[in-house]
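A closer look at the structure
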Amino acid sequence: MFSKACEYGIRASIFIATKSSKGIRVGIKDVAKEIDSPEPFTAKIMQILTRNGIIASAKGVGGGFEVSNKAIKSIKLIQIVDAIDGNAIYKGCGIGLKECSETHPCPVHNEFKKIRELLLDMLTNTTLEELALGVNSGDFHLKIFNKSE
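Residues numbered from 1 in each chain as written. Predicted model: local features only at pLDDT ≥ 70, side-chain atom pairs only at ≥ 80, totals over all residues. Heavy atoms only, no water.

1. Points about the packing of aromatic side chains
- Applying the stated rule across the entire model yields one aromatic pair.
- Aromatic pair Y8 and F41: ring centres 5.7 Å apart, planes at 80°, arrangement edge-to-face. Highlighted residues: Y8 in helix α1 (residues 4–20) and F41 in helix α3 (residues 39–51), separated in sequence by 33 residues.
- Given a relative accessible area of 9%, Y8 falls into the buried group.
- On the basis of relative accessible area, F41 is assigned to the partly exposed category, the value being 29%. (Phe/Tyr/Trp six-rings, centres within 6.5 Å; stacked < 30°, edge-to-face > 60°. Helix = DSSP H or I, 4+ residues; strand = E, 2+ residues; numbered from the N terminus. Buried < 20%, exposed > 50% of the residue type's maximum accessible area, 1.4 Å probe, protein only.)

Structural data, given as structure tokens:
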């Protein structure tokens, strides 16, 4: 449903929030490794997230990416999705038609409308804090591990 950039952006934001909640800034190499994304692509995503005020960047020794405790509590997933993918995912046609509306619906319009509404509700009501806490507690994970790990 999300672009690859948006998937990485969400994962990066959650990873940075998990570290920031412990007072740790992370560098681009660590972010790219943790979210399993190529470093140059990760850097572009980080620029978007920084420009949109989702994460903060500090340069120099001891620098890196972080999210303030206040921001962790208030940032919603919808902000990340809007920054990277825009609002097409919860406004566009389910099969990509340019002309799709209540008065001129596509074959999946009515069912996809329900899914879009649920997705929009989840994105609007889920905070970065909830997800970071889940990762820190071990309830959620950001990587797929091999059975040997």
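2. Here we look at the side chain of T126
- In this structure, T126 sits in the loop between α6 (109–125) and α7 (128–137).
- Within the structure, T126 has its side chain in polar contact with the backbone oxygen of M122 (distance 2.7 Å).
- Look past the residues within four positions of T126 in its chain and what remains in contact with it is I75, K76, L77 and L131. (Polar contact = N/O pair within 3.5 Å; in protein donor to acceptor, adjacent residues only side chain to side chain. Contact = heavy atoms within 4.5 Å.)

3. Digging into the packing of α1 against α7
- Their axes nearest at 8 Å, the elements α1 and α7 cross at an angle of 70°. What the angle tells us is that α1 and α7 run roughly perpendicular. Taken as a pair, α1 and α7 cross one another with a handedness that is right-handed. Judged by residue contacts, S13, I14, A17 and T18 of α1 engage L128, L131, A132, V135 and N136 from α7.
- Residue composition of the contact of α1 with α7, by class: six nonpolar, three polar and no charged. (Axes fitted to C-alpha atoms, helices over the stretch in contact; angles between N-to-C directions. Parallel < 35°, antiparallel > 145°, perpendicular 65-115°, else oblique. Left-handed = near helix turned anticlockwise from the far one by under 90°. Nonpolar A, V, L, I, M, F, W, Y, C, P; charged D, E, K, R; others polar.)

4. So, the nonpolar core
- Among the nonpolar cores identified, the biggest contains 36 residues, and I16 and V31 are the most heavily contacted of them.
- Secondary-structure elements contributing two or more residues to this core are α1, α2 (28–35), α3, α4 (69–74), α5 (77–84), α6 and α7.
- Broken down by element, this core gets its largest block of residues, nine residues, from α1.
- Here V31 is in contact with A12, F15, I16, V26, T42, M46 and F65, once residues within four sequence places are set aside. (Core = buried A, V, L, I, M, F, W, Y, C linked by side-chain atoms within 4.5 Å.)

Any functional reading would require information beyond the geometric quantities listed.
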